[in-house]
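Reading the structure
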Amino acid sequence: MRSLGSTLLCAALTLSACSGDSGDGGNVLPTTSGTSGSTGLASGGSTTGLVGNSFPATYRFECIDIQALGDAGPEVLQAQLLENQWNQDIRDWKLNILVDVLDREDMGDATIFRVRSGIGTGPSDLCSEPNTVSGEFQGTYDATKAAYGPHPDPVGAEACSEASTEVMGGSYELVTDTTDVVYIYAEDDDGTTFNCTPDAAPDAVPIRNLQATFTQNEDGTTAWGNLTGCLLESEAEALCSCLGVCGDSEHPNCGGCPTGSVPLRDLLGNIGPSQECTDALGAPAFVIQLGFTASLLPAVPGTCG
């Protein structure tokens, strides 16, 4: 996978970049035994800098570490390769997972969230891909709760956050219904989508049953957390992706997608569905569990137009 674009999730499972150019690079994960939006200025977004703990506010994922992928753990080679590629795409602004905190009651626990995927080259021109803007989800905020914090060695460690007993700025919790879908989108510098659906569905990874907990620092500019989501196996089979560089062979099930893309299910190799997501969705599904760090953007991005 070459980009998280736009994670969360099993959401981030296939944010691999597909270039429109053919290449000789292989496009398969090793097996183990065990919509191109405008990149112009955002429209309809806040243009003033945000002060921490003012709302609405938008956080962008800056670091991802995979803790579970289907029935496999983080030690599986596929998970390691995906994690490395997603983090590189985050650094290159090709994968922009955005969480909006639209409103919060500090004296109560009602918090309104929205999840979407951004397109842009940096904070100044970031906007959200229109098809990825979720509905509004109600969650909670507890100013006295500790959950996660920074890893003590964020540079050399393989983790972005860790469980913590330090309250800092309080903690958020979000749980969506199994019928709610969050779309994770990503694209290359030339606008080529990293994931492709041959039908009319959005060219993005559909994540269901999203559950996230994150703790912010005192001024609300950084958050550390953990999330899980589910990807149906049937949707992984219908989603075509490239790993790193698209090859030059046409896959019979990926007509209309970038040359060299293959079904995401094929990229996962012998990783199987996970029991918890299969039980939750009532059909074979993969879990993806991530640790993450997110940073407050200086402005709330609008929708690409």
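Residues numbered from 1 in each chain as written. Predicted model: local features only at pLDDT ≥ 70, side-chain atom pairs only at ≥ 80, totals over all residues. Heavy atoms only, no water.

**Re the overall build of the protein**
Put simply, the rule reads: Secondary structure elements are taken from DSSP: a helix is a run of H or I of four residues or more, a strand is a run of E of two residues or more, and numbering for both begins at the N terminus. Here's how the labels work: a residue is buried when its accessible area is under 20% of the maximum for its type, exposed when over 50%, partly exposed in between, all with a 1.4 Å probe on protein chains only. Here, Shrake-Rupley sampling with a 1.4 Å probe gives the accessible areas, and only protein chains in the shown set may cover a residue.
For the protein, the count of helices and strands is 4 helices and 15 strands. Counting only residues that meet the buried cut, the protein has 56% of its 305 residues in that class. Accessible area for the protein stands at about 11900 Å²; split by element, carbon and sulfur atoms hold 49% of it.

**Topic: the state of the cysteines**
Definition in use: By convention in this document, the label disulfide applies to cysteine sulfur atom pairs within 2.5 Å.
Counted according to the given criterion, the structure contains 5 disulfides. With a sulfur-sulfur separation of 2.0 Å, cysteine 196 is cross-linked through a disulfide to cysteine 257. For the disulfide bridge between cysteine 196 and cysteine 257, the dihedral angle about the S-S bond is near -80°, and by the sign convention the bridge is left-handed. With a gap of 61 residues between them, cysteine 196 in strand E10 (residues 195–196) and cysteine 257 in the loop between strand E13 (240–241) and strand E14 (262–263) connect regions that are remote in the sequence.

**Focus on the environment of isoleucine 119**
Along the chain, isoleucine 119 falls in strand E3 (residues 110–119). According to the relative accessible area criterion, isoleucine 119 is buried, its value standing at 2%. Once the C-alpha coordinates of isoleucine 119 and proline 301 are considered, the two residues, 182 residues apart in sequence, prove to be 9.8 Å apart.

**Section: the side chain of glutamate 187**
To be explicit about the condition: Only four residue types enter the charge count: Lys and Arg as positive, Asp and Glu as negative, with His and the chain ends excluded. Within this document, salt bridges are pairs made up of a side-chain nitrogen of Lys or Arg and a carboxyl oxygen of Asp or Glu, the two lying within 4 Å of each other. N or O atoms within 3.5 Å of each other form a polar contact, as long as, within protein, one can give a hydrogen and the other can take it, and as long as residues adjacent in sequence are counted only when both atoms are side-chain atoms.
Position of glutamate 187 among the secondary structure elements: in the loop between strand E9 (181–184) and E10. Put simply, glutamate 187 is tucked away with no salt bridge, and the nearest opposite charge, on lysine 94, sits 10 Å away. Engagement of the side chain of glutamate 187 in a polar contact is seen with the side chain of tyrosine 185, the distance being 2.7 Å.

**Concerning the pattern of salt bridges**
Overall, the coordinates contain 8 salt bridges when judged by the stated rule. A salt bridge links aspartate 188 to lysine 94, with the nearest nitrogen and oxygen atoms 3.0 Å apart. Linking aspartate 188 in the loop between E9 and E10 with lysine 94 in the loop between helix H1 (77–91) and strand E2 (97–104), this pair joins segments that are 94 residues apart in sequence. There is no split in this pair, since aspartate 188 and lysine 94 are both buried. Close ionic contact of glutamate 235 with arginine 208 constitutes a salt bridge, the shortest N to O distance being 2.5 Å. With glutamate 235 in helix H2 (residues 233–238) and arginine 208 in strand E11 (residues 205–216), this residue pair connects regions lying 27 residues apart in the sequence. A relative accessible area of 16% places arginine 208 in the buried class. The network of salt bridges with common partners includes Lys94, Asp188 and Asp189.

**Here's the deal with H1**
The cut-off we apply is this: Every helix has an expected span of 1.5 Å times one less than the residues it contains. Read the arc as the range of directions from the helix axis to the C-beta atoms.
Here H1 is 15 residues long and its end C-alpha atoms lie 21 Å apart, about the 21 Å a rise of 1.5 Å per residue gives. By the burial criterion, the buried members of H1 are Gln78, Ala79, Leu82, Glu83, Trp86, Asn87, Asp89 and Ile90. Along H1, the residues classed as buried sweep out an arc of 160° about the axis, all on the same side. Among the exposed residues of H1, those oriented more than 90 degrees off its buried face are Asn84 and Arg91. Following H1 by one or two positions, tryptophan 93 has its phi on the positive side, about 60°.

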